[in-house]
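Coordinate inspection notes
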Amino acid sequence: MILGVETSCDETAAALVTRGGEVLANVVSSQADLHARYGGVVPEVASRRHLELVVPVVREALAEANATLDDIETVAVTNGPGLIGALLVGLSAAKALAWARRLALVPVDHLHGHVASLYLEPEPVEPPFACLLASGGHTLLLDVRDHGGYRVLGTTLDDAAGEAFDKGARLLGLGYPGGAAIDRLAREGDAEAYTFPVARVPGLDFSFSGLKTALLYAVRDLPHGELERRRPDLAASYQRAIIRALVERVEAAASRLGAEQVAVVGGVAANSELRASLPAAALAPLPLCTDNAAMIASAARFVEAIPWPGYLAVDARASAA
Ligand code: KG4
Ligand code: ZN
């Protein structure tokens with residue numbers, strides 16, 4: 001089996017996945033509570049927490065699968081993009097483990113990992129498809145032709161979709177990270193109550209920063225004490241604008257590619273309005289939308305492994321490949 005390790009942001013995760021794509025264990029320890037009081041992820045705090053958690057989380061994954069280190073054949077680890085210090089903790093742990101046991105190592109691109117969340121049992125999705133990857137750090141449209149990678153068709157010019165959710169949640173006083181909170185609150189609100197602009201940039205790119213400013217003004221212009229009453233409407237209208245932009249663009253990408261299949265992955269793929277808006281799309285399973293290591297181990301099945309001991313010089317990288 002493959003041991004996956006993921007520490008690119010504020011989730012410390014380990015998973016055990018078979019060559020065939022069966023998930024035997026998937027452990028995610030979120031640091032969200034730790035960062036909540038700062039209103040966002042503090043990189044150095046994240047690195048230190050990963051250091052404390054990475055070994056216990058791997059141990060827990062082994063226990064969950066009723067396995068030992070002897071059962072592991074390959075170690076897969078995210079080496080970018082992400083927070084550099086956070087990545088280095090997972091990469092160093094994975095290297096040490098693989099090297100000591102003379103195992104092969106697969107450095108995995110985090111974005112490929114999100115796409116590979118679709119390739120796991122029990123309902124694996126088969127390429128080709130047009131893919132929307134929307135998370136806290138990225139908003140990308142991808143042309144996925146095979147299991148081994150992707151081609152970028154469009155990206156965000158400013159904020160990522162998840163970041164727009166998180167910043168909106170903060171303006172509404174919903175805490176961090178706020179995507180799921182907006183999703184919940186929006187169900188009680190009227191999405192037509194406010195008209196928020198969806199920026200139309202040329203091609204297949206996105207822009208969300210204007211939307212965030214529009215919400216800021218709407219909140220600021222409320223009569224004193226009105227925010228409490230209007231919060232569900234604001235959440236619903238704001239969410240509607242983000243989801244419209246995402247749905248419009250992924251459909252445009254699919255028609256440009258002539259793709260018969262559309263897929264959605266990443267943390268924002270957990271959004272209920274997005275899922276309902278794309279009923280025919282292949283959607284990442286809910287527990288695999290936000291960062292996890294099962295998707296990293298999944299991607300590793302389609303990437304050439306580096307045999308022992310050739311991987312000690314493999315480096316982490318903060319930005320996309
Ligand atoms: O994929 P992910 O865990 O991390 C990155 O790789 O960035 O995505 C986290 C993002 C956060 O911005 C969070 O607010 C958002 O996903 N998110 C949601 C929902 N659940 C998580 N956004 C909208 N609706 C949700 N239900
Ligand atoms: Zn991610």
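Just above sits the structure.
In short, a report on the structure. Not measured: the values here are computed from a predicted model. (Residues numbered from 1 in each chain as written. Chains lettered and ligands numbered in written order. Predicted model: local features only at pLDDT ≥ 70, side-chain atom pairs only at ≥ 80, totals over all residues. Heavy atoms only, no water.)

What to know about the overall build of the protein chain
Put simply, the rule reads: The numbering of helices and of strands both runs from the N terminus, where a helix is a DSSP run of H or I of at least 4 residues and a strand a run of E of at least 2. Throughout this description, buried means an accessible area under 20% of the type-specific maximum (1.4 Å probe, protein chains only), exposed means over 50%, and partly exposed covers the range between. Residues count as neighbours in contact if any of their non-hydrogen atoms are within 4.5 Å of one another. All accessibility values rest on the Shrake-Rupley procedure with a 1.4 Å probe; residue burial counts only the protein chains present in the view. Residues counted as positive are Lys and Arg, residues counted as negative are Asp and Glu, and His and the chain ends are not counted. The location of each charge is read from NZ of Lys, CZ of Arg, CG of Asp or CD of Glu.
Each helix and strand in the protein chain was counted, giving 10 helices and 10 strands. C-alpha atoms of the protein chain, sized along the principal axes, occupy 65 × 45 × 30 Å. A total of 321 residues make up the protein chain; the buried ones form 53% of that total. Excluding contacts between residues fewer than 6 apart, the proportion of contacts in the protein chain whose partners are at least 24 apart in sequence is 71%. Total accessible area on the protein chain stands at roughly 13,900 Å², and carbon and sulfur atoms take up 53% of it. Where the 27 positive side-chain charges of the protein chain centre and where its 38 negative ones centre are 4 Å apart.

Structural notes on the coordination of the zinc ion (ligand 2)
Definition in use: As a rule, N, O and S atoms within 2.8 Å of a metal are its donors, except that Na, K and Ca use 3.2 Å; water is not among the atoms, so sites may look incomplete. Key to geometry: four donors with every angle between 85 and 135 degrees are tetrahedral; four donors are square planar and six octahedral where opposite donors lie over 155 degrees apart and all remaining angles lie between 65 and 115; all other sites are irregular.
Those protein atoms acting as donors to the zinc ion (ligand 2) are His-110 (NE2), His-114 (NE2) and Asp-291 (OD), and they sit at 2.0 to 2.1 Å. One can describe the site at the zinc ion (ligand 2) as irregular: its 4 donor atoms subtend angles covering 96 to 136° at the metal. Donor residues for the zinc ion (ligand 2) sit on one chain with the sequence pattern H-x3-H-x176-D. Taken together, the positions of His-110 and His-114, both in helix H4 (residues 110-116) and 4 residues apart, correspond to about one turn of that helix. On the basis of relative accessible area, His-110 is assigned to the buried category, the value being 4%.

Overview of the sheet that holds strand S9 (residues 262-265)
Heads up, the condition is: If DSSP finds at least two bridges between two strands, the strands pair. Note on definitions: angles span 0 to 180 degrees between N-to-C directions of axes, and those axes are lines fitted to C-alpha atoms, for helices only across the stretch in contact.
Strand order in the open sheet formed by 5 strands is S8-S7-S6-S9-S10, with mixed pairing between adjacent strands. Strand pairing shows two members of the sheet lacking a second neighbour, strand S8 (151-155) and strand S10 (282-283), which therefore form its edges. Sheet topology places S9 next to S10; 2 bridges connect them, and they run parallel. Within S10, the residue paired with Ala-263 across the bridge is Ala-282. Across the face of the sheet, helix H8 (residues 227-257) comes into contact with strand S6 (129-134), strand S7 (139-144), S8 and S9 while running at roughly 20° to S7.

A short note on the sheet that holds strand S5 (residues 104-109)
Consider a sheet: its strands pair through backbone hydrogen bonds, and that pairing is either parallel or antiparallel. With respect to topology, 5 strands assemble into an open sheet ordered S3-S2-S1-S4-S5, the strand pairing being mixed. Every other strand in the sheet has two partners, leaving strand S3 (23-30) and S5 as the edge strands with one partner each. Going from strand to strand, the sheet's axes swing by 15° on average, the running direction of each strand aside. The pairing of strand S2 (residues 11-17) with S3 spans 7 bridges and is antiparallel. Residue pairing in the sheet places Ala-13 in a bridge with Val-28 of S3. In the packing of helix H2 (residues 43-64) onto the sheet, the strands contacted are strand S1 (2-6), S2 and S3, and the crossing angle to S2 comes to about 25°. Sitting on the sheet, helix H3 (residues 84-100) is in contact with S1, strand S4 (74-80) and S5, with an inclination near 160° to S4.

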